[in-house]
Structures are given as C-alpha cells and as structure tokens.
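Chains, contacts and geometry: an overview
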Amino acid sequence: MKKIVVIISMIILNSAYSQVGINTQNPRGIFHIDGNKNNPSTGDPSASQQKDDFIVLSSGNVGIGTATPSRKLEINSGGTAGNPIDGFRLTDGRQAKNKALISDENGSAHWEYIALKSYKGNIADGFDLSLNNSSYNFNSSDLSTGFYATTSYIDLAPGNWQVNISLLLAYDNISGTSTLTRDDWFWTRVTLTDAPVSAKGSGPYAPTADLDETKFLGNIFNGPAPTGGVPKYAMINGALMLNNSSSNTKRYYIIIGGVTRSSAGLPGRLKNVGGMWGENVISAFAVQ
C-alpha cells in the first residue's frame, strides 16, 4: 500500500512540474539526468558540469553532454581542437577503419568506404572548324562571339563541380594543295555553355556564367602539317571549375572556337572537333 502511495505521489508531483530529474532537483528540461550528481541546485549547470548530463527538452531535442541541445540530437564530448574526443560510436557489423557514415535514400545510415564518384557526360556530334573562317575568331572583349556548339554535354546537379574535358584536335587540309608551314600556328579554345543548343555547329554561344575563374581550356597547334588527307593530331586536356547555384540540374554543352592564328588565311580545318573520337571524354567530380 505504501508503495502505491509513493508512486501516486511521484506521478502527481511530476505532473505538477512537468519535469523529471534524476540525480538533480534542478532539471533543465522535461527529462534530465545528472550522471555525476554535480549540478547546482539552482540555475544552469556549467559547461564542465554538463559533460555527464543527458537531457530531453520540450521541443524534443536531445542533448548528451549539453543541457541546451539545438538539434534533435546534439552530442558534446568535451573534446577540443587540440585534444579531440570521439562522441559517437556505431557498431553495426560494417564498421572498419577509414569508412564513413552514409545514408540510403530513406536516411538509414551505415558504414561504407567512400569512393570518389565520377559523373560521365555524353560525347555526341562535333563540327568542322575552318581555320580561315573569321566567325571563330577570339574576341576577349565580347565572349558571346567566336564559340560554336557541339552536341556533347554533361548534366550537373546544383553544387560545385570539377569538369574534366579531353578533346582530340584532328587537323586536315581539305584541298590537299596547301597546308601549315613551319611558322604557322593557331590556338583553339574550349568551354561550356548552359544555353540550349539547337544543333551541331550552331552559335555563337557565350560561356556559362557558372564558371569559376578559369573560362577556357586550350592548346596551340603548330605546323608544319602534311598535305593531302593525312591528318595531324593534338589534344586539349584540362579541368574547368563551375558552380551550379540554381535549384535544378543543368545541362552544359561543349562549345569550341575562340581561335587565335598566326595569320588570317590559314588553310585547312579541325575535323569533327568535339565530336565522337575515341579520345574524347567529358566527366565531372563534385567538390567542396
């Protein structure tokens, strides 16, 4: 009978105050455990006194090592930058050194090795870039001119990206009667646009404003080159950094041009530039 009276009294008391304290008469939430029974009888416990506390607030936030959790679960291990202390341990059978805690599509977390994930774009059609066509000239004061579209692209979600591009430059001389001399050269530039591309060779298009700092990749192509149908090759390789700050996945097309030449009338062309050569690739990595 006495036990029943005690239990009823505790229920009435707890209902009246809507707080439960264990090892403390000064609970700071609806449920508060003071592990070492070292909290003050009034006021807030100090940071060192909170290290052994467990608390549930009326908001539903749970704190371990803190009496003022600002999230649904907040853990303060008491560690510092100079002396860090682990505050969490999950033993699920998949734990191992250098694994990271990741979630599935439902938010269920587990340990897994993290590999750097590459996102591959699509190499499609390029176009023939004639070297004596002034439409492809580079104009540093107006980047909306000089660049024309391939239909090669990559789709990127919101965030920061390193976009890696490798493109074959295949020079040939259509007529076969004249070609690049030892003193001839031209510089070709590659970049990305987020404008909708209508067809290969269409344009001109301006580089996307999403690019950070570096706007172009390029390579210099030097003569001499053989006459006739025998091509001469070079490569453009490099990375562009961009930030898709929108809330949607965007498609970025490869655009090519921005040509600077040793002379205006250079013969020949870049054949199917940006198109389906076995060496061509566009890929991306998410970066912080």
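Residues numbered from 1 in each chain as written. Predicted model: local features only at pLDDT ≥ 70, side-chain atom pairs only at ≥ 80, totals over all residues. Heavy atoms only, no water.

**Looking at the overall build of the protein**
Counting secondary structure elements, the protein contains 2 helices and 17 strands. Taking 19 Å as the expected radius of gyration for a compact globule of 288 residues, we find that the protein reaches 33 Å, considerably beyond that expectation. Structurally, the protein occupies a C-alpha span of about 115 × 35 × 35 Å along its principal axes. For the protein, with 288 residues in total, the buried portion stands at 34%. By sequence separation, contacts in the protein at least 24 residues apart represent 67% of the contacts at least 6 residues apart. Summed over its atoms, the accessible surface of the protein is roughly 16,400 Å², and 52% of this surface lies on carbon and sulfur atoms. Taken together, the 23 basic and 22 acidic charged side chains of the protein have centroids lying 5 Å from each other. (Helix = DSSP H or I, 4+ residues; strand = E, 2+ residues; numbered from the N terminus. Rg over C-alpha atoms; globule rule 2.2 N^0.38 Å. Buried < 20%, exposed > 50% of the residue type's maximum accessible area, 1.4 Å probe, protein only. Contact = heavy atoms within 4.5 Å. Areas by Shrake-Rupley, 256 points an atom, 1.4 Å probe, with all protein chains shown as cover. Lys, Arg positive; Asp, Glu negative; His and termini not counted. Charge placed at Lys NZ, Arg CZ, Asp CG, Glu CD.)

**Here's the deal with the sheet that holds strand S3 (residues 53-56)**
Neighbouring strands of a sheet are bound in pairs by backbone hydrogen bonds; such pairs are parallel or else antiparallel. Ordered in space as S1-S2-S3-S4-S5, the 5 strands form an open sheet in which the pairing is mixed. The open sheet has two edge strands with one neighbour each: strand S1 (20-22) and strand S5 (73-75). On average, each strand axis in the sheet is inclined to that of its neighbour by 5°, with strand direction left out of account. Across 4 bridges, the pairing between strand S2 (residues 31-34) and S3 is antiparallel. Looking at S3, one finds that Ile33 is bridged to Phe54. (Pairing = 2+ DSSP bridges. Axes fitted to C-alpha atoms, helices over the stretch in contact; angles between N-to-C directions.)

**A short note on the packing of aromatic side chains**
Here the structure, examined in full by the defined rule, presents 10 aromatic pairs. Ring centres of Tyr136 and Tyr148 lie 5.1 Å apart, and the angle between their planes is 85°; this geometry places the pair in the edge-to-face category. A residue pair is termed long-range when its members are at least 10 positions apart, and Tyr136 in the loop between strand S9 (127-130) and strand S10 (147-156) and Tyr148 in strand S10 qualify at 12 residues. Accessibility assignment for this pair places Tyr136 and Tyr148 in one class, buried. With 6.3 Å between their ring centres and 40° between their planes, Tyr171 and Phe186 make a pair best called tilted. With a gap of 15 residues between them, Tyr171 in strand S11 (residues 159-172) and Phe186 in strand S12 (residues 185-193) connect regions that are remote in the sequence. There is no split in this pair, since Tyr171 and Phe186 are both buried. (Phe/Tyr/Trp six-rings, centres within 6.5 Å; stacked < 30°, edge-to-face > 60°.)

**Some details on the sheet that holds S12**
Across the sheet, which stays open at both edges, the 4 strands sit in the order S10-S15-S12-S13 with antiparallel pairing between neighbours. The sheet is open, and its two borders are formed by S10 and strand S13 (217-222), each paired with just one other strand. On average, each strand axis in the sheet is inclined to that of its neighbour by 25°, with strand direction left out of account. Inspection of the sheet shows S12 paired to S13 by 6 bridges, in the antiparallel sense. Bridged to Thr188 within S13 is Asn219.

**Topic: the side chain of Asp210**
Here Asp210 shows up in the loop between S12 and S13. At 2.7 Å, the side chain of Asp210 forms a polar contact with the side chain of Lys250. In contact with Asp210, not counting residues within four places along its chain, are Asp194, Met241, Leu242, Asn243, Asn244, Lys250 and Tyr252. (Polar contact = N/O pair within 3.5 Å; in protein donor to acceptor, adjacent residues only side chain to side chain.)

**What about a nonpolar patch on the surface?**
On the surface, a cluster of nonpolar side chains totalling about 440 Å² of accessible area is made up of Ile64, Leu73, Ile75, Phe88 and Leu101. By the element assignment, Ile64 lies in strand S4 (residues 62-64). Residue class for Ile64 comes out partly exposed when judged on its relative accessible area of 36%. (Patch = residues over 30% accessible without salt bridge, like charges linked within 9 Å, V, L, I, M, F, W, Y side chains within 5 Å. Salt bridge = Lys/Arg side-chain N within 4 Å of Asp/Glu carboxyl O.)

**Considerations on the nonpolar core**
Leu129, Val163, Ile165, Phe186 and Leu192 are the most contacted members of the largest nonpolar core, which has 35 residues in total. Broken down by element, the residue count for this core peaks at 6 residues, all from S11. The contacts of Phe186, once residues within four sequence positions are left out, are Leu131, Tyr171, Leu180, Asn219, Ile220, Phe221, Val259, Thr260, Arg261, Leu266 and Leu270. Formed by 6 residues, the second largest nonpolar core is a distinct cluster that contains Phe147, Ala149, Val197 and Tyr253. (Core = buried A, V, L, I, M, F, W, Y, C linked by side-chain atoms within 4.5 Å.)

**Section: the pattern of salt bridges**
One side chain can pair with another of opposite charge once the charged atoms of both are near each other. Throughout the structure, instances matching the rule amount to 7 salt bridges. Note that Asp44 is salt-bridged to Arg28, the shortest N-O span being 2.9 Å. Pair noted here: Asp44 is in the loop between S2 and helix H2 (47-50) and Arg28 is in the loop between S1 and S2, with a separation of 16 residues, a long-range link. Here Asp44 falls in the exposed class, since its relative accessible area comes to 58%. Across the salt bridge formed by Arg251 and Asp155, the nearest N and O atoms sit 2.8 Å from each other. Residue Arg251 is located in strand S15 (residues 250-261), and its partner Asp155 is located in strand S10; the two are separated by 96 residues in the primary sequence. Salt bridges linked by common partners bring Asp128, Asp172 and Arg269 together as one network.

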